[in-house]
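# Secondary and tertiary structure notes
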Amino acid sequence: MRGKLSFVLLFSGLLSMCLFQGNSLHAKDTLEDGIIGLTKEEVREKLGKPPFLYCEEEPYRRYVIVKPENESILRATFLYDVIIHDLYSFKRDGNNLEFRIYYGADVSDGKIVYRAKEYSVKFLDNPVPLGRITEIVPEFKPAYKSAKVYQERLLNYNTIRLIFVTPEINELSKHMGSLFVDPDKDIKDWSLAYDVMLCAGEPENVSINSMVKEVIVSVDGEYRIGKTSHVFGTKLIKNPLQ
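Cut-offs and rules
- Along every chain, residues carry numbers that run from 1 in the direction the sequence is written.
- Since the coordinates come from a predicted model, pLDDT governs what is reported: local features require at least 70, and pairs of side-chain atoms require 80 or more to be given and counted, while whole-chain, interface and lining totals use all residues.
- Values reported for side chains reflect all heavy atoms of the structure, with hydrogen atoms and water molecules removed beforehand.
- Secondary structure follows DSSP: runs of H or I at least 4 residues long count as helices, runs of E at least 2 residues long count as strands, and numbering of each begins at the N terminus.
- Remark: exposure states derive from per-residue accessible area (1.4 Å probe, protein chains only) relative to the maximum for the residue type, with buried under 20%, exposed over 50%, and partly exposed in between.
- pLDDT measures the predictor's confidence residue by residue and takes values from 0 up to 100.
- Every residue pair with non-hydrogen atoms within 4.5 Å of one another is taken to be in contact.
- For the purposes of these results, a polar contact is taken to be a pair of N or O atoms within 3.5 Å, where, inside protein, one atom must be able to donate a hydrogen and its partner to accept one; residues adjacent in sequence count only when each atom of the pair is a side-chain atom.
- Along the arc lie the directions from the helix axis toward the C-beta atoms.
- We call a set of buried Ala, Val, Leu, Ile, Met, Phe, Trp, Tyr and Cys residues a nonpolar core when their side-chain atoms join them within 4.5 Å.

What follows covers unusual backbone geometry. The phi angle at D93 is positive, at roughly 50 degrees, despite the residue not being glycine. Along the chain, D93 turns up in the loop between β3 (85-92) and β4 (95-106). Look at D93 and you get exposed, because its relative accessible area is 54%.

In this section: the confidence of the model for the protein. Across the protein, the average pLDDT comes to 88, with 88% of residues at or above 70. In this model residues 1-27 is a low-confidence stretch, pLDDT under 50, and it forms eleven contacts with partners more than four residues away in sequence or in other chains.

Structurally, N170 can be placed in the loop between β8 (159-165) and α5 (171-180). For N170, the side chain forms a polar contact with the main-chain nitrogen of L172, separated by 3.1 Å. Excluding its chain neighbours within four sequence positions, the residues that come into contact with N170 are D29, T30 and L31.

Moving on to the side chain of R100. If you trace the backbone, R100 turns up in strand β4. Of note is the side chain of R100, whose polar atom sits 3.0 Å from the side chain of E98.

As a further point, take helix α2 (residues 40-47). What α2 keeps buried is the set K40, V43 and L47. Taken end-on, α2 shows its buried residues confined to a sector of 60 degrees, consistent with a single buried face. Looking at α2, the residues exposed on the side facing more than 90 degrees away from the buried face are E41 and E45. In the core, the buried residues of α2 are packed alongside β3, β4 and β5 (113-123). A positive phi of about 95 degrees marks G48, the residue just after α2.

Structurally, R115 can be placed in strand β5. Each C-alpha atom, one on R115 and one on M176, is 8.9 Å from the other, the two residues being 61 residues apart in sequence. One polar contact links the side chain of R115 to the main-chain carbonyl oxygen of G37, over a distance of 3.0 Å.

If you look at the biggest cluster of nonpolar residues, it comprises 42 residues, and the most contacted ones within it are I101, L130, F140 and F164. Counting residues per element, the ones that place at least two in this core are α2, β4, β5, α4 (133-136), β8, α5, β9 (191-198) and β10 (211-220). Excluding anything up to four places from it in sequence, F140 contacts L130, I133, T134, F164, Y194, V196, V215 and L241. Among the nonpolar cores identified, the runner-up in size contains eight residues, and L53, V66, V82 and I84 belong to it.

Take a look at the structure:
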């Protein structure tokens, strides 16, 4: 009897260790931009307290921006619980930037943790040449080693979108992609990615001098991009930064 009990306790302990390692494995990884995958607390430790909070409500698509001290008042106006995102204003190298950090609820570890699933960087003063982005936004540096760059045209906006897909795939990038982007289990190639939005009217012959108005950082992959390629006329191009 004592032997059976010891076996059960040993088995239970090993099972708990395996589950703990499986659930927390992605937490040990990081992505090269330094923000995607961080918890809300970690983002605020890195960037400071946000001067503004941002949220939106569906299906009514109500967008609201408030100061942090008004968060409780803001929540009371919504019909249901909403996720509050962070909005920062920075001045880097003489350029005014707007950072919007979008969070998603990660409940895979048995409790709700809000993680940065995407963020956008807008150049508020003037557009910036593609080749100069890293001087202002160092989080963009991994794009230089992107093995694959895709070009798409957003017809409704007469805008070209470039998607820089970085090569490194790890447990965190796969976790973020399947949880927040596309639950398709066939997608295995999630990695850090940059959507670069060119200014309206920029020519299709992209170069380091192409003018950029916004950069959106998230995770993406060739398989997911291929699923919508017929909609956006997606094509693979040489990395203009290399």
